[in-house]
Amino acid sequence: MNERLNRLANLPLRANLQGLEPYGAPQIDVPIQLNVNENTHPLPAEVHRAIVEEVSAAAVGLNRYPDREFTELRERLATYLGHGLEADNIWAANGSNEVLQQILQAFGGPGRSVMGFPPTYSMYPLLASGTDTTYVAGVRSEDYGLSAPDAAAQVREAAPNIVMLCSPNNPTGTALGLDVVEAVYEAGEASNAIVIVDEAYAEFAHTGTPSALSLLPGRERLIVSRTMSKAFALAGARLGYLAAAPEVTDAIRLVRLPYHLSAITQATANAALKHVDALLANVEAIKVQRDRIVNELTRMGLQPASSDSNFVFFGGLEEPKAIWDGLLEAGVIIRDVGIPGHLRVTAGTEAETTAFLVRLEELLHQGPHTL
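Residues numbered from 1 in each chain as written. Predicted model: local features only at pLDDT ≥ 70, side-chain atom pairs only at ≥ 80, totals over all residues. Heavy atoms only, no water.

A. Up close: the overall build of the protein chain. Within the protein chain, the secondary structure is distributed over 12 helices and 12 strands. Since a compact globule built from 371 residues should have a radius of gyration of about 21 Å, the 21 Å found for the protein chain is in line with a globular shape. For the protein chain, the residues scored as buried account for 53% of the 371 residues in total. Contacts spanning at least 24 positions in sequence make up 75% of the contacts within the protein chain whose residues lie at least 6 apart. About 16700 Å² of surface is accessible on the protein chain, with carbon and sulfur atoms providing 51% of the total. Counting 27 positive and 43 negative side-chain charges, the protein chain places the centres of these two groups 6 Å from one another. (Helix = DSSP H or I, 4+ residues; strand = E, 2+ residues; numbered from the N terminus. Rg over C-alpha atoms; globule rule 2.2 N^0.38 Å. Buried < 20%, exposed > 50% of the residue type's maximum accessible area, 1.4 Å probe, protein only. Contact = heavy atoms within 4.5 Å. Areas by Shrake-Rupley, 256 points an atom, 1.4 Å probe, with all protein chains shown as cover. Lys, Arg positive; Asp, Glu negative; His and termini not counted. Charge placed at Lys NZ, Arg CZ, Asp CG, Glu CD.)

If you want it as structure tokens, here you go:
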């Protein structure tokens, strides 16, 4: 591997890409994989059948390019989101990462900046590097929260061209209040900043948690990003999307590659959207396990964050690496997010969650792993 890195270093890479490593969690084949926030429930049988039928029908025409405007998909996504949205408000791409990349291609680039508030989704600075956009790291409070006055003050001072707000935030799992989004949007007016609210985990939020979709009317610089990877259990299909003013989707068309969404991807997503209720039934089961994890970790003396996502971020660990290794030895993989004293675990099925909790408690009793 070192030899390959040395050879890479000899290539004429752009300066802002030199020394970087590609994004990606460890891909280790173990029975219980709770490290990348996938929906670990298999697709309901009826959804699986519907996808097979739609993909089979699409396969007949694979000698032709797909619908470049993916019209049916945009209409279905608009209906799913509600809030008075129409197809013209919707854009989609191969995962929300590509959606975010296209936004940066349109509104970022050399001489422009994007601001995030770490700890947050670790792809943000990598997307910035890939589009030659300067990444500006804001700061959070000691408990990793972000208040409206503090966020707005940082945006006014930095005057970024783009602001990324992750809600629920990854890796902490907490949702932002709409007051934060409103304050950041107003603070960004001076620099004409695009404000992105990344709601990849929105379907897992506690009842009553508002979505930034409600703030879209009258705010042409606001974008809400979503994905079908999590709640819809379609991580392997790669379908992300955004909702925004129609002029934003027109801007994205300037940078998207032609026919970027395959006929197979469109067919898969359309089939899934015909069975929303069946898919979201699993979301409720996941939320039960997430809350169970929070309660059990608290009982064990750990410090889990309140979560509006399908994962739990928890601290209070003196030796998180030892805990991670001990879980892996038992066939359970969770995520070390690089924050001292903390780990993150995806809420899986009831059986997967039980296996994680049982092994974790055993490890905690074996040694001084807590602070």
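B. The pattern of salt bridges, seen in detail. As enumerated under the stated definition, the model contains 15 salt bridges in all. When the shortest N-O distance is used, the salt bridge between Glu203 and Arg226 registers 3.6 Å. Placement of the pair is Glu203 in the loop between β6 (194-198) and β7 (222-227) and Arg226 in strand β7, with a sequence separation of 23 residues. As far as the burial class goes, Glu203 and Arg226 line up, both buried. One salt bridge in this structure joins Lys321 and Asp325, with 2.8 Å as the shortest N-O distance. Linking Lys321 with Asp325, this pair stays in helix α11 (residues 320-329), spanning 4 residues, or about one helical turn. The class for Lys321 is partly exposed, based on a relative accessible area of 47%. Asp325 gets classed as partly exposed once you look at its relative accessible area, which sits at 27%. A single salt-bridge network, built from bridges that share partners, covers Glu69, Arg74, Asp250 and Arg253. (Salt bridge = Lys/Arg side-chain N within 4 Å of Asp/Glu carboxyl O.)

C. Quick look at unusual backbone geometry. The omega angle of the peptide bond from Ser167 to Pro168 is -5°, so this bond is cis rather than trans. Relative to the helices and strands, Pro168 is located in the loop between β5 (162-166) and α7 (178-187). Despite not being glycine, Asn37 has its phi angle at roughly 60°, a positive value. With respect to the element layout, Asn37 can be found in the loop between β1 (32-33) and α2 (45-59). One non-glycine residue with positive phi stands out, namely Tyr259, at about 55°. Assignment of secondary structure puts Tyr259 in the loop between α8 (246-253) and α9 (263-273).

D. Here's a closer look at the environment of Cys166. Structurally, the position occupied by Cys166 is in strand β5. Note: C-alpha distance between Cys166 and Thr120 (46 residues apart in sequence) is 6.9 Å. Sequence-distant contacts of Cys166, defined by excluding residues within four places in its chain, comprise Thr120, Tyr124, Leu176 and Asp198.

E. Fine view of the packing of aromatic side chains. For the structure shown, the criterion picks out 7 aromatic pairs. Summarising the aromatic geometry, the rings of Tyr121 and Tyr124 are spaced 5.4 Å apart at their centres and angled 85° between planes, so their arrangement reads as edge-to-face. Among the residues examined, Tyr124 registers a relative accessible area of 1% and is labelled buried. Between the NZ or CZ atom of Arg221 and the centre of the ring of Tyr185, over which it lies, the distance is 4.0 Å. (Phe/Tyr/Trp six-rings, centres within 6.5 Å; stacked < 30°, edge-to-face > 60°. Lys NZ or Arg CZ within 6 Å of the ring centre and 35° of its normal.)

F. Spotlight on empty space enclosed by the protein. The tally for this structure, following the rule as stated, stands at 1 cavity of 30 Å³ or more. Size it by volume and the largest cavity reaches roughly 40 Å³. Looking at the largest cavity, the residues that line it are Ser167, Leu176, Gly177, Leu178, Val181, Val197, Glu199, Pro210, Ser211 and Ala212. Looking at the lining of the largest cavity residue by residue, the class counts come to 6 nonpolar, 3 polar and 1 charged. (1 Å grid on protein atoms, 1.4 Å probe; cavity = no way out; pocket = protein on both sides within 12 Å on 5 of 7 lines; lining within 4 Å. Points joined across faces, edges and corners; volume = space filled by probe spheres on them. Nonpolar A, V, L, I, M, F, W, Y, C, P; charged D, E, K, R; others polar.)

G. Fine view of the layout of surface pockets. Quantified by volume, the largest pocket comes out at close to 870 Å³. Considering the residues around the largest pocket, the lining is formed by 39 residues, among which Tyr23, Val36, Tyr121, Lys230 and Arg335 are closest to the centre. Within the residue set of the lining of the largest pocket, elements represented by two or more residues are α4 (96-107) and α5 (123-130). Residues belonging to the lining of the largest pocket are distributed by class as follows: 19 nonpolar, 13 polar and 7 charged.

H. The pairing of strand β10 (residues 311-315), seen in detail. With 5 of 5 residues buried, β10 lies mostly within the body of the structure. In β10, alternate side chains face the same way, and those of Phe311, Phe313 and Gly315 on one face and Val312 and Phe314 on the other are all buried. Both strand β9 (residues 303-304) and β10 contribute to a ladder of 2 bridges, which runs antiparallel. Paired with Gln303 across the two strands is Gly315, which belongs to β10. Following β9, the chain reverses through 6 residues before pairing antiparallel with β10. (Pairing = 2+ DSSP bridges.)

I. Spotlight on the packing of helix α10 (residues 276-299) against helix α12 (residues 350-366). Axis separation between α10 and α12 bottoms out at 11 Å; the angle between their running directions is 10°. Classified by the angle between their axes, α10 and α12 sit roughly parallel to one another. In this structure, α10 contributes Gln289, Arg292, Ile293, Glu296, Leu297 and Arg299 to the contact, and α12 contributes Glu350, Thr353, Thr354, Phe356, Leu357, Leu360 and Glu361. For the contact of α10 with α12, a count of residues per class yields 5 nonpolar, 3 polar and 5 charged. (Axes fitted to C-alpha atoms, helices over the stretch in contact; angles between N-to-C directions. Parallel < 35°, antiparallel > 145°, perpendicular 65-115°, else oblique.)

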